[in-house]
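Take a look at the letters that make up each chain.
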Amino acid sequence: MLSSTIENQNTTQEPLEEPRMVTRDLSLFYGPKQALKNIDASLTANAITALIGPSGCGKSTFLRCLNRMNDLIEAVTITGEVLLDGQNLYSKGIDVVALRQRIGMVFQKPNPFAMSIFDNVAFGPRLRGVRGKSELAEIVENSLQDAALWDEVKDELKKSAFSLSGGQQQRLCIARTLATKPEVLLMDEPCSALDPISTLKVEELMRELRGQYTIVIVTHNMQQAARVSDNTGFFLMGELIEMDASSRIFTDPHDKRTEDYITGRFG
Amino acid sequence: MIIRRTFEEQLQELQNDLLQLGRFVEEALGKALDALVRQDLSLAKQVIDEDDFADDMDFGIQTRAMQLLALQQPMARDLRVIGASLRIVLDLERIGDHAVDVAKVARSLAGRGYGKHVNEIAELGALSRKMVSDSLQAFISRDIEQAREVAGADDEVDDKCDLIQVHLMEQMRDDPSQIERVTRLLLVARSLERVADHATNIAEYIYYVETGEMRQLAREEHDPSYEPVDATLEAINPEERDHDAVEDLE
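About the criteria used
Residues numbered from 1 in each chain as written. Chains lettered and ligands numbered in written order. Predicted model: local features only at pLDDT ≥ 70, side-chain atom pairs only at ≥ 80, totals over all residues. Helix = DSSP H or I, 4+ residues; strand = E, 2+ residues; numbered from the N terminus. Rg over C-alpha atoms; globule rule 2.2 N^0.38 Å. Contact = placed C-beta atoms within 7 Å. Buried ≥ 20, exposed ≤ 12 C-beta atoms within 10 Å, placed from the backbone. Pairing = 2+ DSSP bridges. Nonpolar A, V, L, I, M, F, W, Y, C, P; charged D, E, K, R; others polar. Right-handed = clockwise from strand over helix to strand, strands pointing away. Core = buried A, V, L, I, M, F, W, Y, C linked by C-beta atoms within 7 Å. Axes fitted to C-alpha atoms, helices over the stretch in contact; angles between N-to-C directions. Parallel < 35°, antiparallel > 145°, perpendicular 65-115°, else oblique. Left-handed = near helix turned anticlockwise from the far one by under 90°. pLDDT = per-residue confidence, 0-100.

**Regarding the overall build of chain A**
Here comes step 1: Summing up its helical and strand segments, chain A has ten helices and ten strands in all.
Here comes step 2: Taken over the C-alpha trace, chain A has a radius of gyration of 19 Å; the compact-globule value for 267 residues is 18 Å, and the two agree within 12%.
Here comes step 3: Taken along the three principal axes of its C-alpha coordinates, chain A extends 55 × 45 × 35 Å.
Here comes step 4: Sequence separation of 24 or more characterises 68% of the internal contacts of chain A that already satisfy a separation of 6 or more.

Below you can see the structure in the form of structure tokens.
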């Protein structure tokens with residue numbers, strides 16, 4: 001267990017178990033505006049951490065710091081550290097492409113490539129240099145199995161990914177991410193464009209994946225955070241107010257601001 | 001700005017109803033004790049007849065608490081209030097039942113003369129009743145110290161109840177013609193002791209609502225060496241849970 005823990009001005013908490021990723025004094029500025037303020041967070045290995053908070057609180061910005069997606073935005077300055085298994089992702093000489101293989105991301109809207117179901121999943125491995133037909137077929141099948149989509153698409157792998165429903169497309173995107181064998185899975189509101197049944201399927205899938213992957217999910221849906229996650233972090237105006245076991249956050253949060261937000265008394 | 005005004009109002013109504021039920025059963029207990037001491041048959045009958053009201057309120061509160069859980073997905077303190085209400089309402093309803101039990105004994109003994117130890121029983125009843133009213137007060141004022149005091153009073157009730165039982169046994173030995181009457185008084189003492197247990201439960205739920213901690217307050221008061229356990233499901237080993245279940249049955 002690392003010593004890193006969340007010690008905001010108002011909260012001192014026990015560190016969560018076995019963090020896979022840790023941020024230390026992480027701040028992010030869009031030009032002069034500070035969007036993340038000295039975030040110290042631990043993301044438990046092989047568990048689901050949900051990030052909640054009102055719009056503009058910094059939760060998605062924080063998520064994108066975890067695989068350096070914010071590098072792509074102009075005028076962004078980042079200070080502090082993001083550690084994956086002890087290694088700072090923002091050190092000089094880090095291969096960002098290789099990094100994003102280790103830390104995969106699933107986005108709000110399903111974004112399959114304009115190609116077949118098979119080719120979507122095989123895309124990452126091919127980029128990595130996998131050429132063998134049987135090896136690719138095996139990776140594609142395993143990834144689709146893990147994404148709980150195999151049974152629905154196994155007879156139509158050559159069909160366009162766009163022929164799938166929204167929920168299936170999102171699970172295809174998850175399969176595509178899993179095919180690159182990531183250690184960490186970042187999900188930015190993965191269910192916000194899905195109907196309730198597809199949402200439940202993706203949630204169930206997350207529960208099945210959690211033993212093998214460290215999952216971080218940003219969600220606007222508090223019930224979703226409560227249903228699926230092991231730990232929950234609450235962000236407000238760029239600060240991580242508190243992060244603790246979800247069973248604690250949703251029954252007895254430490255901080256009044258967390259209580260006000262999750263009980264809907266915010267504002 | 002209050003965003004969830006409707007929910008807040010519904011939650012407040014739930015607590016108001018709980019309080020109304022609490023006051024009702026506390027009064028019923030007081031009337032039952034008066035009926036016993038004064039041998040007042042009509043007052044005893046009144047307590048028995050009015051108990052339907054407590055049963056109806058119990059169902060109403062449970063139904064609304066379940067609806068709030070399903071429809072509003074409460075969190076944090078709101079969740080604890082509703083969860084605790086579902087338990088407190090059971091304890092209150094049972095207190096009402098015990099008041100009826102006392103009233104039934106009062107009805108059967110009315111006009112047959114005072115028993116030797118009725119005053120002792122009345123004192124026991126007053127203690128138990130005070131625990132109920134203090135737990136209601138702690139509920140209103142969100143006072144965890146008062147909740148602790150209620151739980152702390154349970155020992156005194158237990159001791160008094162034990163003593164009364166000894167006295168009643170002696171009375172039966174000394175005068176076997178009294179056995180039927182005294183047996184009924186034994187039941188009353190037992191009911192009053194149970195009322196105090198329910199008041200203690202209520203105090204422990206109030207403590208939970210206010211602190212988020214499930215604590216066995218009475219046990220802590222009773223046994224200074226007792227250390228609170230982590231009450232999460234994972235933390236309780238199966239043997240201990242079975243043991244608790246057996247205790248509950250007893």
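**A look at the overall build of chain B**
Here comes step 1: A tally of regular secondary structure across chain B gives eight helices and zero strands.
Here comes step 2: Seen in sequence order, chain B has helices and strands lined up from the N terminus as α-α-α-α-α-α-α-α.
Here comes step 3: Its C-alpha radius of gyration of 20 Å places chain B within 12% of the 18 Å reference for a compact globule of 250 residues.
Here comes step 4: By principal-axis analysis of the C-alpha atoms, chain B measures approximately 65 × 45 × 30 Å.
Here comes step 5: Within chain B, the proportion of its 250 residues that are buried is 38%.

**Describing unusual backbone geometry**
Here comes step 1: If you check the backbone angles, B:Ala76 has positive phi at about 50° while not being a glycine.
Here comes step 2: Owing to 21 C-beta atoms within 10 Å, B:Ala76 belongs among the buried residues under this scheme.

**Looking at the sheet that holds strand β1 (residues 19–30) of chain A**
Residue and element names in this part refer to chain A.
Here comes step 1: Strands sit in the order β2-β1-β4-β5 across an open sheet of four strands; the sheet is antiparallel. Looking along the sheet, the strands with just one partner apiece sit at the ends: β2 (33–44) and β5 (87–88).
Here comes step 2: In terms of strand pairing, strand β4 (residues 76–84) meets β5 through two bridges, oriented antiparallel. Counterpart to Leu83 in the pairing with β5 is Asn88.

**Details of the environment of B:Arg219**
Here comes step 1: Among the secondary structure elements, B:Arg219 is positioned in helix α7 (residues 217–222).
Here comes step 2: In this structure the C-alpha to C-alpha distance between B:Arg219 and B:Gly152, which are 67 residues apart in sequence, comes to 8.7 Å.

**A closer look at the interface of chain B and chain A**
You'll often see interface size given as the accessible area lost when the parts meet.
Here comes step 1: Of the residues lining the interface, twelve residues belong to chain B; the matching set on chain A comes to 13 residues.
Here comes step 2: Tallied by class, residues from the side of chain B that touches chain A come to six nonpolar, two polar and four charged.

**Structural notes on the pairing of strand β7 (residues 184–188) of chain A**
Residue and element names in this part refer to chain A.
Here comes step 1: Among the five residues in β7, five count as buried, and that is most of the element.
Here comes step 2: Burial along β7 is two-sided: Val184, Leu186 and Asp188 and Leu185 and Met187, pointing in opposite directions, are all buried.
Here comes step 3: One ladder, built from four bridges, connects strand β6 (residues 103–106) with β7; its direction is parallel. Bridging from a neighbouring strand, Gly104 pairs with Leu185 of β7.
Here comes step 4: Each parallel crossover has a hand, and the one from β7 via helix α7 (residues 196–209) to strand β8 (residues 214–218) is right-handed.

**Focus on the nonpolar core**
All names here are of chain B.
Here comes step 1: Residues Ala32, Ala99 and Ala203 are the most contacted members of the largest nonpolar core, which totals 138 residues.
Here comes step 2: Counting residues per element, this core draws most heavily on helix α3 (residues 76–109), at 16 residues.
Here comes step 3: Setting aside residues up to four positions removed in sequence, Ala203 forms contacts with Ser135, Ala138, Ala147, Val150, Ala151 and Leu217.

**Quick word on the packing of helix α5 (residues 144–174) of chain B against helix α6 (residues 179–211) of chain B**
Residues and elements named next belong to chain B.
Here comes step 1: Packing of α5 against α6 leaves a shortest axis separation of 9 Å and a crossing angle of 170°. As summarised for this structure, α5 and α6 are arranged roughly antiparallel, according to the angle between their axes.
Here comes step 2: In terms of residue class, the contact of α5 with α6 is built from 20 nonpolar, four polar and six charged.

**Focus: the packing of α3(B) against α6(B)**
All names here are of chain B.
Here comes step 1: Contact geometry for α3 and α6: axes closest at 9 Å, N-to-C directions at 165°. Taken together, the axes of α3 and α6 lie roughly antiparallel to each other. α6 is crossed by α3, and the crossing has left-handed handedness.
Here comes step 2: Classifying every residue of the contact of α3 with α6 by side-chain character gives 14 nonpolar, five polar and eight charged.

**A closer look at the confidence of the model for chain A**
Here comes step 1: With 93% of its residues at a pLDDT of 70 or more, chain A shows a mean pLDDT of 90.
Here comes step 2: Confidence drops under a pLDDT of 50 for residues 1–13 of chain A, and excluding neighbours within four residues, the segment shows 37 contacts in the predicted structure.

**Description of the environment of A:Ser247**
Here comes step 1: Looking at the element boundaries, A:Ser247 is found in helix α9 (residues 246–249).
Here comes step 2: In sequence terms A:Ser247 and A:Gly132 are 115 residues apart; their C-alpha atoms lie 46 Å from each other.

**Examining the pairing of β2(A)**
Here comes step 1: Here β1(A) pairs with β2(A) via eight bridges, running antiparallel. Residue A:Phe29 lies in a different strand from β2(A), and its bridge partner there is A:Gln34.

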